[in-house]
Amino acid sequence: MEQRMRRATRGRVAALATVGLMLATGFVAPASPVQAADTNLVVNGGFEDGLASWFVNNGNATDGAQLSATSDAYAGANAALVTSRTTTGSGPMQDLSGKVQAGQAYTLTARIKYENESGPATKQFFATMHYGGGTYTNLVSVTATKGQWTQFNGTFTIPTTQSVSTARLFFETPWTSTPSTDPALHLMDFKLDDVSVVGAAPPAPASKTIEVVGKLPGEHNPLIGHKFGADGFGLVHDGRVYMYMTNDTQGYAPNPTTGVSPGINYGDINQITVISSEDLVNWTDHGEIQVAGPNGVAPFTANSWAPGITKKVVNGVEKFFLYYANGGGSSNVITGASPLGPWTSERTSTLIDGRTPGAEAVAWKFDPAPFVDDGQPYLYFGGGPASTSMPPAERFNNPKNIRSIELGDDMVSTEGTAAVVDAPVAFEAGHVFKRQGKYYFSYSSHFGGNDFGGSQQPLPGYPGGGQIGYMISDGPMSWPKETYAGVLFPNQSQFFGAGTGGNNHQSVFEFGGKYYFTYHAPTLNKRINGNTTQGYRSPHIQELTFNPDGTIQQVVGTYAGVDQVRDFDPYRVFEAETFGWSKGVATTKVDGSSAQFGAAAPNLVVRDIDNGDWTALSSVNFGDNGAQSLTARVRALAAGGQIQVRLDDVNGPVVGTATVDSAVGQWAEVTAELDGVSGVHDVYFTYTGPTGVDLFEIDNWAFAAASLDLPVTLTASARCVGGNAYVAVQARNDHDAPVGITLETPYGERSFTAVAPGANAYQSFNTRAVSVSAGSATVRVTGAIGGHDVTTVRTVQHPAGTCGG
Ligand SMILES: [Ca+2]
Ligand SMILES: [Ca+2]
Ligand SMILES: [Ca+2]
């Protein structure tokens, strides 16, 4: 079937190639769109980097050959040699997907040579494009003479209707279904050199930037509106909450025209997204950890879903252990020196897999959630279809598919045998926290179906599909079904409506004396695409409250979310990738460390800033004395950009403007003088400039407080007492609160504490000489202004003085 398609395609292609040649010879050259851009799309076309970027066509299962480098080159030191060809299509291939474009014309050149003694005196060769499936198009052909380098040199135009999502260029001999009947004629070895495909530059990758306001001003869910994140797991460390999430944005690929992405493919995901906050409303984007895959921290794993994290002191060093699902089959852990890394792998194979004692019957050995109880670490994991050895009703109600196991003191090994967590209607997402001596296990329930014994009745009180149930126990490894306590959170679609159903995954953390519940919902996906969502999930948080008997009050999902737990402090350097709300921007990791989080932490910048885009901070406390200026570290990308500072609304009054007039392409600091900014406000940074271009990127911000000086009135004099000259210094406290005052002279110093408003500090210093030259005294005033500790240092001059002789 496939081969017949190939044959049918060939005739059509020859005609197209002819059209291409007409274009190239100038018949309609003035209209040709391609001649302006001379970009060679082929990498390593001269094989001077060996076989890098080349492989053997494997479009059909029967295709096969050996590819090697040869020093018998047309040019340079190397060419490619293909031997052991099994089909006529078996030849050197390079992937041009994402580079060539429909409707564009390209010029293809290459040099080819064959030499087999038993072969024909001349032989036709094709340069062919495989567009995926059974679609092959011959682009350019040449008839070579045995033993001589012969040049491919032609032009081809890709039809406007051709899908180019797959486009793989290769070299072959003319097709026949039975090449083995005459291998000398059909399957000869050949050499290839100097391959180029020149034409329009590759299109820029489609933008992933979320253009809608995904988190509405005033609302606190979803936590972020500029990217997705699922399976959030909260960690509290050093006054901040860190959220680790499955990077749902990784495979997000909105169609540039429709704005709709293909549905989420978990197989694409091998990164974990990290955000953090000290107030639960303004979140800093720390980017992604490349956990799995060939370039990952743990390259022996392929995926990184559903992270769980904890910290523990091991051998005197505090470390952070980030567990994750390597797809459904196993779980693993990487180690961080801080919540933001750097990350290393202490293992060379997965932590939880088919070898884990007690986990043999668990279908999906995933969703690992760590819990440390007074230094003893545990891991909860598992889920998926119930064992078919159980009766259908039991498979449905008590599938016994989740496990608990002790971790070793090193946190990267297990000890003993995993024990069953008999969670009713369990599916995935086990998690444990402890409160007032009781252990709480929460989990996500299954959706029924054949994996759970078909259509069955849940037992009274047991969860429905896709809900978060929980159990309360006296021990971290003791979870009989009798510890089941109810549904802690119904399916998110109950609160967020059409398009927001599906799986869920939760965690619980304690912060500032309150408990918080994390879950996900495709609410940002819904804001982008309406009720037909594609499965891209966003992190949410609600407060978790308890009844007097320790049971949990069922959580209600809201866009309002949780209260901001503290005002934002603007008087420091803080990352621009921190915001409560945003519109139209994206972030990207850059080289170098974070000005706010230190040398070991990654640094991001805000990018894709167009005219009209904005970012905002919630509840910024400028204090009574107010702010004097804003400094931004920016990289101009166009002339004429500005940063406007507004209060309380995206259309609020502009209280300061920074003109981004620094050199294009260079990082620089720009400053806005601020007028009348004091007290607590939401702050909107609105971006303006020419339309149609990215204006600038922003790395970090710093507000400067209005200058803080303690008011004081100083006087100094010289006097004569008993034949000695004295220097007298007086300082009056003009502040509205008590201050400390120190008077310093070459003849001694004196300190006064708690000098009341309007009161004086006074001291007459004996010079122990009959005269004193004119000089100065230093006065040091310490106090507080608007909650800030302030020291003001002033000097005061005194005249010369002589005791009369
Ligand atoms: Ca070469
Ligand atoms: Ca933008
Ligand atoms: Ca930054």
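All values reported here derive from a predicted model rather than from experimental measurement.

Caption draft 1: Spotlight on the overall build of the chain. Counting secondary structure elements, the chain contains 5 helices and 51 strands. Classification of the 805 residues of the chain by burial places 54% in the buried group. At a minimum sequence separation of 6, the contacts of the chain that also span at least 24 residues come to 66%. A total of about 31700 Å² of accessible surface is found on the chain, and carbon and sulfur atoms cover 49% of it.

Caption draft 2: Highlighting the sheet that holds strand E30 (residues 538-544). Taken in spatial order, the 3 strands line up as E28-E29-E30 in an open sheet, and their pairing is antiparallel. Two strands lie at the open edges of the sheet, namely strand E28 (507-511) and E30, each paired on one side alone. Here the average twist between neighbouring strands, direction ignored, is 30°. Bridge count between E28 and strand E29 (residues 514-521): 5 bridges; the pairing is antiparallel. Paired with Val-508 across the two strands is Phe-517, which belongs to E29.

Caption draft 3: Main features of the coordination of the calcium ion (ligand 2). Within the protein, the atoms that donate to the calcium ion (ligand 2) are Gly-584 (O), Asp-608 (O), Asp-608 (OD), Asp-610 (OD) and Asp-613 (OD), at distances of 2.3 to 2.8 Å. Owing to a relative accessible area of 9%, Asp-608 belongs among the buried residues under this scheme. A relative accessible area of 21% means that Asp-610 is categorised as partly exposed.

Caption draft 4: How the structure looks around the pattern of salt bridges. Taken as a whole and judged by the stated rule, the model has 24 salt bridges. The shortest N-O distance in the salt bridge between Glu-115 and Lys-191 comes to 2.9 Å. Here the residue Glu-115 occupies a position in the loop between strand E6 (105-113) and strand E7 (122-130), and Lys-191 occupies one in strand E11 (residues 190-199), the gap between them amounting to 76 residues. Residue Lys-191 is classed as buried on the basis of its relative accessible area of 10%.

Caption draft 5: Just the packing of aromatic side chains, in detail. Going through the model one piece at a time under the given rule, you end up with 42 aromatic pairs. Here Phe-433 and Phe-546 contribute two aromatic rings whose centre-to-centre distance is 6.3 Å and whose plane-to-plane angle is 65°, an arrangement assigned as edge-to-face. Taken together, the residues span a long stretch of sequence, with Phe-433 in strand E24 (residues 426-435) and Phe-546 in the loop between E30 and strand E31 (573-575) at a distance of 113 residues. Summarising the burial analysis for this pair, Phe-433 and Phe-546 share the class buried. The rings of Phe-568, Tyr-571, Phe-574, Phe-622, Phe-685, Trp-701 and Phe-703 are connected pair by pair, giving a single aromatic cluster. Arg-527 extends its terminal NZ or CZ atom over the ring of Tyr-559, reaching a point 4.4 Å from the ring centre. Sitting above the plane of the Phe-568 ring, Arg-572 keeps its charged end 4.7 Å from the centroid.

Caption draft 6: Summary view of the pairing of strand E49 (residues 775-785). Here 5 bridges tie strand E45 (residues 739-745) to E49, and the two strands are oriented antiparallel to one another. Paired with Gly-740 across the strands is Thr-782, a residue of E49. The pairing of E49 with strand E50 (residues 788-798) spans 11 bridges and is antiparallel. When the sheet's bridge partners are listed, Gly-783 is paired in E50 with Val-790.

Caption draft 7: Local environment of the side chain of Asn-282. Considering the arrangement of structural elements, one finds Asn-282 in the loop between strand E14 (271-277) and strand E15 (283-290). Looking at Asn-282, the relative accessible area reads 2%, which means it is buried. A polar contact is formed between the side chain of Asn-282 and the backbone nitrogen of Gly-580, at a distance of 3.3 Å. Every residue in contact with Asn-282, bar those within four places of it in the chain, is listed here: Ser-276, Ser-277, Gln-564, Phe-568, Thr-578, Phe-579, Gly-580, Ala-616, Leu-617 and Ser-618.

Caption draft 8: Quick peek at the environment of Val-432. Its location among the elements puts Val-432 in strand E24. Distance from Val-432 to Phe-371, taken between C-alpha atoms, is 6.3 Å for residues 61 residues apart in sequence.

What counts, and where the lines are drawn
- Residues numbered from 1 in each chain as written.
- Chains lettered and ligands numbered in written order.
- Predicted model: local features only at pLDDT ≥ 70, side-chain atom pairs only at ≥ 80, totals over all residues.
- Heavy atoms only, no water.
- Helix = DSSP H or I, 4+ residues; strand = E, 2+ residues; numbered from the N terminus.
- Buried < 20%, exposed > 50% of the residue type's maximum accessible area, 1.4 Å probe, protein only.
- Contact = heavy atoms within 4.5 Å.
- Areas by Shrake-Rupley, 256 points an atom, 1.4 Å probe, with all protein chains shown as cover.
- Pairing = 2+ DSSP bridges.
- Axes fitted to C-alpha atoms, helices over the stretch in contact; angles between N-to-C directions.
- Donors = N, O, S within 2.8 Å, 3.2 Å for Na, K, Ca; no water.
- Salt bridge = Lys/Arg side-chain N within 4 Å of Asp/Glu carboxyl O.
- Phe/Tyr/Trp six-rings, centres within 6.5 Å; stacked < 30°, edge-to-face > 60°.
- Lys NZ or Arg CZ within 6 Å of the ring centre and 35° of its normal.
- Polar contact = N/O pair within 3.5 Å; in protein donor to acceptor, adjacent residues only side chain to side chain.

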